[in-house]
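Structural features, examined
One-letter residues, chain by chain:
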Amino acid sequence: MANDLNVEVRKRHAGGPEIVAALRLPLGTHSVTVLFGPSGAGKTTVLRLIAGLDTPDAGSIRCGDEVWYDGARGMHMPPQLRHVGYLSQDYAIFPHLTVSNNVAYGARGAAVQDLLARFDLSDMADRYPRQLSGGQLQRVALARALAAEPRLLLLDEPLSALDAPTRLRMRADLRQLLASDPGGTPVPAIVVTHDRTEALALGDSIAIMIDGKLRQAGAVESVFDSPADADVAAAVGVETICPARVVSRSAGLVTVEIAHAHLVAVDTAGASTDVFACIRAESVTIERNLSGNPTSARNRLAARIVSVIPEGPLARVTLDCGFRLTAIVTRQSEEEMRLREGEQVTAVVKATSIGIVPRG
């Protein structure tokens, strides 16, 4: 479309994987696209290619009617002509300039005082970076990027330099800032992160990168709920991913065998017989009642508790159901049910909570 950012690029670094990415980002909206995946997946490389800080080996990058890069035609638009705001992981704030002068640097007609007020920086306009906290530095960097009135904002791990409490607090602030309209013109953003919680909190859409390849893209909830394959499932935090075999199909449901256990799930594997069953820990319920039979709505599995590991207000419970299954329960539930290693329980998983993806 005429108002999209279209990226189809290849890039290989010496000693690293080949980066292959193809994505489209609608511009002219407040949408936030998250580039998500493990460290070393190629996310920052894609961001730098879009910004023009690195040059692809092949492919093209187009923004609306403008060609930013075309390998076949030998075209490469310089970064300064792309009008892109870029925030590196360390924010790159000028240490010798005050907050006000940092924000004003490179401003293209933006009202600096308005931006300082919008980002709650007015009271520290005359301070220097060494006098600011990590969260304040982040706000300065974001205000400075928007002062240049970019058509697109690129953020590389924007919360990684913060300590855990500040990161938690700034996550909500950053989402609000990205979703708002400080300059009167909608600015779409691409955010790089390897943190699952940040991806869920910040993104409207998501693109999953693994080993240099763009593996799945779509709405955040859709990708997290329905990963395309086992690698994507692992990347988005699905705790249980088990090889399984389809033994029957009927009325949109599939019965799969894992070890000697049978599970009923919604059939999303096409014609495949060899599949992976993917189950999130929060989708597993633990009961003390050992009776009951599987139904199309619920799978009930006899299980032995292998371990119970506290995680703040929650507890991670590993179960042996003939295969390893992970559950997350509250500490209150753990205590009320007296969940202890070696105890026999029943694991309950709804058919709709099991993702079935083809193997291979």
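Here the structure is a predicted model, which is why all the values come from computation and not from measurement.

Looking at the overall build of the protein
A tally of helices and strands in the protein yields nine helices and 21 strands. Contacts in the protein between residues far apart in sequence, at least 24 positions, make up 65% of those at least 6 positions apart. When the accessible surface of the protein is split by element, carbon and sulfur atoms take 50% of a total near 16,700 Å². Here the protein carries 37 positive and 40 negative side-chain charges, and the mean point of each set is 2 Å from the other.

A look at the pattern of salt bridges
Two side chains that carry opposite charge are able to pair once their charged atoms sit near each other. Throughout the structure, instances matching the rule amount to 22 salt bridges. In this structure, the salt-bridge partner of Glu18 is Arg10, at a minimum N-O distance of 3.3 Å. Residue classification places Arg10 among the partly exposed residues on the basis of a relative accessible area of 39%. A salt bridge links Arg175 to Asp204, with the nearest nitrogen and oxygen atoms 3.0 Å apart. Here the residue Arg175 occupies a position in helix α5 (residues 164-179), and Asp204 occupies one in the loop between α6 (196-202) and β10 (205-210), the gap between them amounting to 29 residues. Residue classification places Arg175 among the partly exposed positions, given a relative accessible area of 22%. Connected through shared salt-bridge partners, Arg331, Glu334, Glu335 and Arg340 make up one network.

With respect to the sheet that holds strand β17 (residues 298-311)
Whether parallel or antiparallel, the strands of a sheet pair through hydrogen bonds between backbone atoms. Judged by pairing direction, the sheet is antiparallel, and its five strands sit side by side in the order β16-β20-β17-β18-β19 without closing on themselves. Each edge of the open sheet is held by one strand with a lone partner, namely β16 (284-287) and β19 (324-330). Sheet twist, expressed as the mean angle between neighbouring strand axes with direction ignored, is 45°. Relative to strand β20 (residues 344-350), β17 runs antiparallel, the two sharing seven bridges. What sits directly across from Arg300, in β20, is Val348.

Description of the packing of aromatic side chains
Applying the stated criterion across every chain yields a total of two aromatic pairs. On the numbers, 5.9 Å between centres and 55° between planes, the contact of Phe36 with Phe224 is tilted. Of this pair, Phe36 sits in strand β3 (residues 32-36) while Phe224 sits in helix α7 (residues 220-225), placing them 188 residues apart in sequence. In this structure, Arg144 packs its charged tip against the face of Phe94, placed 5.1 Å from the ring centre. Across the ring face of Phe276, the terminal group of Arg359 is positioned such that the distance to the ring centre comes to 5.9 Å.

A look at the environment of Val266
Note that Val266 resides in strand β14 (residues 261-266). Relative accessible area serves as the criterion here: at 32%, Val266 is assigned to the partly exposed category.

What about the sheet that holds strand β13 (residues 253-258)?
The strand order across the open sheet built from five strands is β14-β13-β12-β15-β21, with neighbouring strands paired in antiparallel fashion. Of all strands in the sheet, those bounded by a partner on one side alone are β14 and β21 (354-358). Across this sheet, the average inter-strand angle for adjacent strands is 40°, counted without regard to direction.

Things to note about the pairing of strand β1 (residues 4-12)
Here β1 pairs with strand β2 (residues 18-26) via nine bridges, running antiparallel. Paired with Val7 across the strands is Leu23, a residue of β2. The turn joining β1 and β2, which pair antiparallel and follow one another in sequence, is formed by five residues; a positive phi near 80° is taken by Gly15.

Cut-off values and rules
- Residues numbered from 1 in each chain as written.
- Predicted model: local features only at pLDDT ≥ 70, side-chain atom pairs only at ≥ 80, totals over all residues.
- Heavy atoms only, no water.
- Helix = DSSP H or I, 4+ residues; strand = E, 2+ residues; numbered from the N terminus.
- Contact = heavy atoms within 4.5 Å.
- Areas by Shrake-Rupley, 256 points an atom, 1.4 Å probe, with all protein chains shown as cover.
- Lys, Arg positive; Asp, Glu negative; His and termini not counted.
- Charge placed at Lys NZ, Arg CZ, Asp CG, Glu CD.
- Salt bridge = Lys/Arg side-chain N within 4 Å of Asp/Glu carboxyl O.
- Buried < 20%, exposed > 50% of the residue type's maximum accessible area, 1.4 Å probe, protein only.
- Pairing = 2+ DSSP bridges.
- Axes fitted to C-alpha atoms, helices over the stretch in contact; angles between N-to-C directions.
- Phe/Tyr/Trp six-rings, centres within 6.5 Å; stacked < 30°, edge-to-face > 60°.
- Lys NZ or Arg CZ within 6 Å of the ring centre and 35° of its normal.

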